[in-house]
Amino acid sequence: MSRQKFVAGNWKLNKTLSEGQELVSTILENLGDDSVTKIIFPPSVLISSLVNTVASAEHFFVGAQNCSEHESGAFTGEVSAAMLSSVGCKFVLVGHSERRQYFGETNSIASKKIKLALQNNLKVIYCVGERLTERKTNKHLEVVKTQITEALQSLDPANVIIAYEPVWAIGTGETATPAQAQEMHAHIRSVLENLFGADVAANTSLLYGGSCNAQNAKELFACADIDGGLIGGASLKADDFCKIIQSF
Ligand code: 13P
């Protein structure tokens, strides 16, 4: 996958079927012609229906917020990569900080999920980012390097996108400054270069997430190594999400 512009909306635990359909319909009505790839990540129970809603839209895909680290079997409540793929899901988030914090997702679990996702033709947005204490103690670059190395080193990164989401910026209204975000994105490219070479580093799309909104998206997206955004709260309002898409 070559480097592309992305705006992705992570709905988290929000929206019923009718609310989700209404949101997507309003987004579709207000989208101009653009080269930005749009992805929505609704709760998994809505994926199948929303795949139909966006079927005729250009550069618009539905993804899942999570998939199981197991292929199949006795794992009550889990959803596999193969199941997601079978209903037209095209992307999956792995390693989101809320999965790491509340569900014990480690780099090694993330690696298993990424492997299964790729085997099942899903593209992966792998989420990384440091906690506030790690930034305050100047460990942020090392933390992100470890997250990437441990999860990706044994994989083919061709269909992997990386989202840098500093934990202290998620849902807090506090955004990384463009300088902080750019520094980390450049660092991520150098980590990728060491692992996979210069071509992979240059061609991997890197997204910023963490209180990204219609007001601050433009200056973040203008940074040399930022290819778009992974949006939480602001993706739940059609108007804001569309404005962010128009922020390149
Ligand atoms: P907010 O945009 O609400 O800070 O959430 C970011 C996020 O976690 C996207 O995955």
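Our structure is the block above this text.
Because the structure is predicted, anything quoted here is derived from the model rather than measured.

**Student:** Help me out: how do you make sense of unusual backbone geometry in this one?
**Tutor:** In terms of backbone geometry, most residues other than glycine have negative phi values and most peptide bonds are trans. In this structure, Lys-15 is a non-glycine residue whose phi angle is positive, near 85°. You can see Lys-15 is positioned in the loop between strand 1 (6-10) and helix 1 (17-29). Notably, Asn-138 is not glycine yet its phi reads approximately 60°, a positive angle. Tracing the backbone shows Asn-138 in the loop between helix 6 (132-136) and helix 7 (140-152).

**Student:** Mind showing me how you'd approach the packing of aromatic side chains here?
**Tutor:** The geometry of an aromatic ring pair is captured by two quantities: the separation of the ring centres and the angle between the planes. Here the structure, examined in full by the defined rule, presents four aromatic pairs. A centroid spacing of 6.2 Å and a plane angle of 80° characterise the contact between Phe-6 and Phe-91, whose relative ring orientation is edge-to-face. Of this pair, Phe-6 sits in strand 1 while Phe-91 sits in strand 4 (residues 91-94), placing them 85 residues apart in sequence. According to the relative accessible area criterion, Phe-6 is buried, its value standing at 1%. A relative accessible area of 4% places Phe-91 in the buried class. Here Phe-221 and Phe-248 contribute two aromatic rings whose centre-to-centre distance is 4.6 Å and whose plane-to-plane angle is 20°, an arrangement assigned as stacked. A residue pair is termed long-range when its members are at least 10 positions apart, and Phe-221 in helix 10 (residues 217-221) and Phe-248 in the segment after helix 11 (238-245) qualify at 27 residues. A residue is classified by how much of its surface remains accessible, and Phe-221, at 7% relative accessible area, is buried. Classification of Phe-248 as partly exposed rests on a relative accessible area of 35%. Here the aromatic cluster, defined as three or more aromatic residues joined through ring pairs, consists of Phe-6, Phe-61 and Phe-91. One Lys or Arg, Arg-99, reaches over the ring of Phe-103 and ends 3.9 Å from the middle of that ring.

What counts and how
Residues numbered from 1 in each chain as written. Predicted model: local features only at pLDDT ≥ 70, side-chain atom pairs only at ≥ 80, totals over all residues. Heavy atoms only, no water. Helix = DSSP H or I, 4+ residues; strand = E, 2+ residues; numbered from the N terminus. Phe/Tyr/Trp six-rings, centres within 6.5 Å; stacked < 30°, edge-to-face > 60°. Buried < 20%, exposed > 50% of the residue type's maximum accessible area, 1.4 Å probe, protein only. Lys NZ or Arg CZ within 6 Å of the ring centre and 35° of its normal.

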